[in-house]
Amino acid sequence: MISKKMQDAFVDQINEELFSSYLYLSMAAWFESKNFHGMAKWMQVQAEEEREHAMKFFDQIVERGGRVKLAAIKEPQFEWKNPLDAFQAAFAHEQHITKRINDLTDLAVKEKDHASQIFLQWFVKEQVEEEAHADEIVHKLEFIGEAGHGLYMIDRELGAREAD
Ligand code: OFO
């Protein structure tokens, strides 16, 4: 059975993951409003992945005899200056999530909760990918700058993203 402390920390993480989903959906809406349909699609796929992350925590709590009490999800940002600004915000958010996953792992070690340590390893690895993807797009957008042709090309490229 999962400890109350670990359960509550995992429930908080469900909220973080659902907020991540909400944030990326808000970015998708912003990209749509600017006619960057490819980047909007990329963000929609990302939003869906974040919901899956939330469900992994949900399922884990339930499987270990815990109880999920959901809290309100805060309102995400609505406007960004340009595509680079949005992807920089996405990268910063992923760095924040990485810190949270590391803190959860530290807690699992402190609680001598081996099952949670193993469960969290998937997220430790996932965060390496999440940061790398966002960082790569930030670098491409920095390189492109204001160039319309480059923005058109990257929008097409990112629009090819499929759900994993
Ligand atoms: Fe973006 O990895 Fe979950 O939050």
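It should be noted that the structure appears before, not after, this text.
Note that the structure is a prediction, hence the values are computed from the model and not measured.

So what exactly am I meant to see when it comes to helix 1 (residues 4–33) here?
Structurally, the α-helix is built with 3.6 residues per turn, so residues lying three or four positions apart point the same way. Helix length check: helix 1, at 30 residues, gives a terminal C-alpha distance of 44 Å against a target of 44 Å (1.5 Å per residue), a fit within 8%. Two residues or fewer past helix 1, Asn 35 is found with a positive phi of approximately 65°.

Please clarify how the nonpolar core should be interpreted in this entry.
If you look at soluble globular proteins, the nonpolar side chains tend to sit buried side by side. One finds Phe 31, Met 43 and Phe 87 to be the most contacted residues of the largest nonpolar core, which totals 26 residues. Among the elements that take part in this core, helix 1 stands out by supplying 7 residues, more than any other. Residues contacting Met 43, with those up to four places away along its chain left out, are Tyr 24, Met 27, Ala 28, Phe 31, Phe 87 and Ala 90. Within the second largest apolar cluster, 18 residues are counted, among which are Ile 2, Ile 14, Ile 61 and Val 68.

Please explain the pattern of salt bridges as it appears in this structure.
Scanning the model with the defined rule gives 7 salt bridges in all. Residues Asp 8 and Lys 4 are paired through a salt bridge, measuring 2.6 Å at the closest nitrogen-oxygen approach. Here Lys 4 and Asp 8 lie together in helix 1, a separation of 4 residues that amounts to about one turn. The partly exposed category is assigned to Asp 8, whose relative accessible area is 31%. The salt bridge involving Arg 100 is made with Glu 16; its shortest N-O contact spans 3.4 Å. On the criterion of sequence distance, the pair formed by Arg 100 in helix 3 (residues 83–110) and Glu 16 in helix 1 is long-range, its members being 84 residues apart. Take Arg 100: its relative accessible area is 22%, and that puts it in the partly exposed class. Within this structure, Glu 136, Lys 140 and Glu 157 form a network of salt bridges that share partners.

Looking at this structure, how should I read the packing of helix 1 against helix 4 (residues 114–144)?
Packed helices, taken two at a time, are described by the angle between their axes plus the distance between the axes. Relative orientation of the contacting elements helix 1 and helix 4 amounts to 15°, with a least axis distance of 13 Å. Compared by their axis directions, helix 1 and helix 4 come out roughly parallel. Crossing geometry of helix 1 relative to helix 4 is assigned as left-handed. On helix 4, the residues that touch Met 6, Phe 10 and Glu 17 of helix 1 are Ser 116, Phe 119, Leu 120 and Phe 123. Of the residues that constitute the contact of helix 1 with helix 4, the class distribution is 5 nonpolar, 1 polar and 1 charged.

What counts, and at which threshold
Residues numbered from 1 in each chain as written. Predicted model: local features only at pLDDT ≥ 70, side-chain atom pairs only at ≥ 80, totals over all residues. Heavy atoms only, no water. Helix = DSSP H or I, 4+ residues; strand = E, 2+ residues; numbered from the N terminus. Expected span 1.5 Å × (residues − 1). Core = buried A, V, L, I, M, F, W, Y, C linked by side-chain atoms within 4.5 Å. Buried < 20%, exposed > 50% of the residue type's maximum accessible area, 1.4 Å probe, protein only. Contact = heavy atoms within 4.5 Å. Salt bridge = Lys/Arg side-chain N within 4 Å of Asp/Glu carboxyl O. Axes fitted to C-alpha atoms, helices over the stretch in contact; angles between N-to-C directions. Parallel < 35°, antiparallel > 145°, perpendicular 65-115°, else oblique. Left-handed = near helix turned anticlockwise from the far one by under 90°. Nonpolar A, V, L, I, M, F, W, Y, C, P; charged D, E, K, R; others polar.

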